[in-house]
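# Chains, contacts and geometry: an overview
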Amino acid sequence: MMRRFLQKLILLTVVLISFKILQTTLWEEPAMKQAPARPQHELTSEASSDKPKESSLSSWMGKDAQDLKARYGEPVRIDQTEYHLAWWVYNQDLTDYKQFAIRGGKIVSVVGAGEKADVAPYQIGKQVGEYHSLIEFKVNYEFQLNGENYKVKPNEADFSTQPLVQVGDHLAVVYIDKISGVISAVRFIDQQTLLDLKLFPFTYTGQLPKEAKITEARRTAIQRGYELQVIDLSNAIRIQKRLEPLSERADISEVSRLHSQDMFDNHYFSHVSPDYKTLGDRMSAGHVKFREAAENIAMGYTDSLAAVEGWLNSPKHREALLNADYEFIGSGIEGKYYTQNFIKK
């Protein structure tokens with residue numbers, strides 16, 4: 001049996017309304033399509049197979065989670081997921097933000113998003129052009145896992161924002177802020193986790209692993225973890241851009257969460273609900289007072305890092321994410337509907 005997965009990005013923007021609420025939207029909708037032809041700008045280099053230095057976060061791939069505790073101590077949070085793994089989050093210093101995916105006691109993925117995070121052979125905040133000799137785009141990445149054959153096929157848009165590359169013995173997704181041309185985050189990842197997260201379109205023979213059954217309590221915990229990651233990653237990017245981090249407010253997160261819930265329950269994707277409620281109406285109902293407010297929404301992304309990077313690479317969403325005037329942030333998630341709100345008091 002052959003199946004194909006492809007995600008298509010659709011950007012929508014709505015205008016400022018009278019009391020200065022900027023609303024922006026980002027929609028990533030799964031679709032059935034063939035992978036695009038091999039792009040003309042493919043880069044290859046033998047240097048891409050060099051092993052990164054031992055201090056790199058990539059050196060933790062495959063190691064025991066207990067070794068991680070010995071090095072960094074207890075994580076600030078352990079965020080559950082629906083993917084048979086949990087994220088250990090170390091956000092004490094957002095300039096060195098990192099999170100480790102643990103499956104069966106082993107590290108299967110590592111994310112570095114702070115400007116001081118050691119993601120060698122890359123460096124966050126550096127122009128991606130400086131690394132052309134270290135980036136080998138995986139146009140059609142084929143491998144066998146547990147007796148099954150897989151072919152991962154990043155689409156053309158992925159090459160400018162999230163190329164899949166080989167780093168030593170591991171894979172990595174290099175997230176690129178294409179507007180400023182710098183590396184904004186790096187995700188080291190193993191083959192199984194690459195498939196589980198469905199970061200790229202892929203084809204396969206045989207059967208995919210069954211999805212885990214999730215209780216209501218676990219689902220709530222998973223979504224809260226993603227909400228906190230949206231805030232952490234948004235602030236890590238703001239700090240990269242020399243902006244102050246934003247403080248979460250529970251009332252703003254509740255407004256965000258209720259909007260994601262409403263979109264999920266009523267099967268729509270918009271800043272305006274079917275009963276014509278706007279961001280201003282939602283803030284008023286949540287008793288949130290503000291002088292300015294903004295809202296970013298996204299749908300279909302596999303996790304918080306993917307959603308935040310999507311907002312970063314869309315001019316209108318970026319405008320809200322990187323606005324120096326905002327003071328507070330809230331985040332709410334239901335299913336694969338993401339809402340992020342900002343306010344200036």
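The structure presented is a predicted model; accordingly, all values stated were derived computationally and were not measured. (Residues numbered from 1 in each chain as written. Predicted model: local features only at pLDDT ≥ 70, side-chain atom pairs only at ≥ 80, totals over all residues. Heavy atoms only, no water.)

## Observations regarding the sheet that holds strand β4 (residues 86-90)
Using the following cut-off: For two strands to be treated as a pair, DSSP must find at least two bridges joining them. Numbered from the N terminus, helices here are DSSP runs of H or I no shorter than four residues, and strands are runs of E no shorter than two. In this analysis an axis means a line fitted to C-alpha atoms, helices contributing only their contacting stretch, and an angle means the value between N-to-C directions, from 0 to 180 degrees. Here a residue-residue contact requires only that any non-hydrogen atoms of the pair lie within 4.5 Å.
Judged by pairing direction, the sheet is antiparallel, and its seven strands sit side by side in the order β3-β4-β5-β6-β11-β10-β9 without closing on themselves. Of all the strands in the sheet, just β3 (77-80) and β9 (164-167) have a single pairing partner and so form its edges. Strand-to-strand twist in this sheet, taken as the mean axis angle between neighbours without regard to direction, amounts to 25°. Strand direction decides the pairing type here: strand β6 (residues 106-112) and strand β11 (residues 182-189), joined by four bridges, are antiparallel. Bridge pairing in β11 links V111 to R187. This element, helix α4 (residues 216-240), spans β3, β4, β5 (98-103) and β11 of the sheet and lies at about 120° to β3.

## Concerning α4
As a reminder of what qualifies: One less than the number of residues in a helix, times 1.5 Å, gives the span that helix is expected to have. With a 1.4 Å probe rolled over the protein chains alone, any residue whose accessible area is under 20% of its type maximum counts as buried; one over 50% counts as exposed, and the rest are partly exposed.
With 25 residues, α4 should reach 36 Å at 1.5 Å per residue; the first-to-last C-alpha distance of 36 Å fits that figure. Burial within α4 is extensive, with 18 of its 25 residues counted as buried. In the stretch just after α4, R242 is the one whose phi turns positive, near 65°.

## Points about the sheet that holds strand β7 (residues 141-145)
Overall, antiparallel pairing links the three strands, which are arranged β7-β8-β12 in an open sheet. If you trace the sheet from one side to the other, it starts and ends with β7 and β12 (202-204), each paired once. Strand-to-strand, the axes of this sheet are offset by a mean angle of 20°, without reference to chain direction. Both β7 and strand β8 (residues 148-152) contribute to a ladder of five bridges, which runs antiparallel. Paired with F143 across the two strands is Y150, which belongs to β8.

## Here we look at the side chain of D196
By the element assignment, D196 lies in helix α3 (residues 191-197). The contacts of D196, once residues within four sequence positions are left out, are Y83 and R103.

## Some points on the packing of aromatic side chains
Our working rule: Only Phe, Tyr and Trp rings are paired, with Trp represented by its six-membered ring, and only when their centres lie within 6.5 Å; those with planes under 30 degrees apart are stacked, over 60 edge-to-face, the remainder tilted.
For the structure on display, the rule yields twelve aromatic pairs. Ring geometry for W60 versus Y72: centroids 5.9 Å apart, planes at 45°, classification tilted. Of this pair, W60 sits in the loop between β2 (21-31) and α1 (65-72) while Y72 sits in helix α1, placing them twelve residues apart in sequence. Considering the side-chain rings of Y122 and Y131, the 5.6 Å spacing of their centres and the 65° angle between planes classify their relative orientation as edge-to-face. The exposure class assigned to Y122 is buried, which follows from its relative accessible area of 4%.

## Some thoughts on the pattern of salt bridges
Which entries qualify depends on this criterion: The term salt bridge refers to a side-chain nitrogen of Lys or Arg lying within 4 Å of a carboxyl oxygen of Asp or Glu.
Evaluated as defined, the whole model comprises 22 salt bridges. In this structure, K151 and E142 form a salt bridge, with 3.8 Å as the shortest nitrogen-oxygen distance. Its relative accessible area of 26% is what places K151 among the partly exposed residues. Here R249 makes a salt bridge to D251, at a shortest N to O gap of 2.7 Å. Look at R249 and you get buried, because its relative accessible area is 18%. Each of the salt bridges in this network shares a partner with another, and the network as a whole consists of R224, E227, E248, E254 and R257.

## Considerations on the packing of α4 against helix α7 (residues 304-312)
In a pair of packed helices, the angle between the axes and the distance between the axes together describe the arrangement. Definition in use: Every angle not falling under 35 degrees, over 145, or within 65 to 115 is termed oblique; those three ranges are roughly parallel, roughly antiparallel and roughly perpendicular. In this scheme, a crossing is called left-handed if the near helix is turned counterclockwise away from the far one by less than a right angle; it is called right-handed if the turn is clockwise. Charged means Asp, Glu, Lys or Arg here, nonpolar means Ala, Val, Leu, Ile, Met, Phe, Trp, Tyr, Cys or Pro, and polar covers whatever is left, Gly included.
The N-to-C vectors of α4 and α7 enclose an angle of 40°; their axes lie 9 Å apart at closest approach. Relative to α7, α4 is oriented oblique. Seen along the crossing, α4 lies across α7 with a hand that is right-handed. Contacts between α4 and α7 involve Y226, Q229, V230, L233, S234 and I237 from the former and S304, L305, V308, E309, W311 and L312 from the latter. Of the residues belonging to the contact of α4 with α7, the class tally is eight nonpolar, three polar and one charged.

## Focus on the environment of N140
Counting through the fold element by element, N140 comes out in the loop between β6 and β7. Considering only alpha carbons, one finds N140 and Y150, ten residues apart in sequence, at a separation of 9.9 Å. Excluding residues that lie within four positions of it along the chain, N140 makes contacts with K151, V152 and K153.

Worth remembering: the numbers are spatial, not functional.
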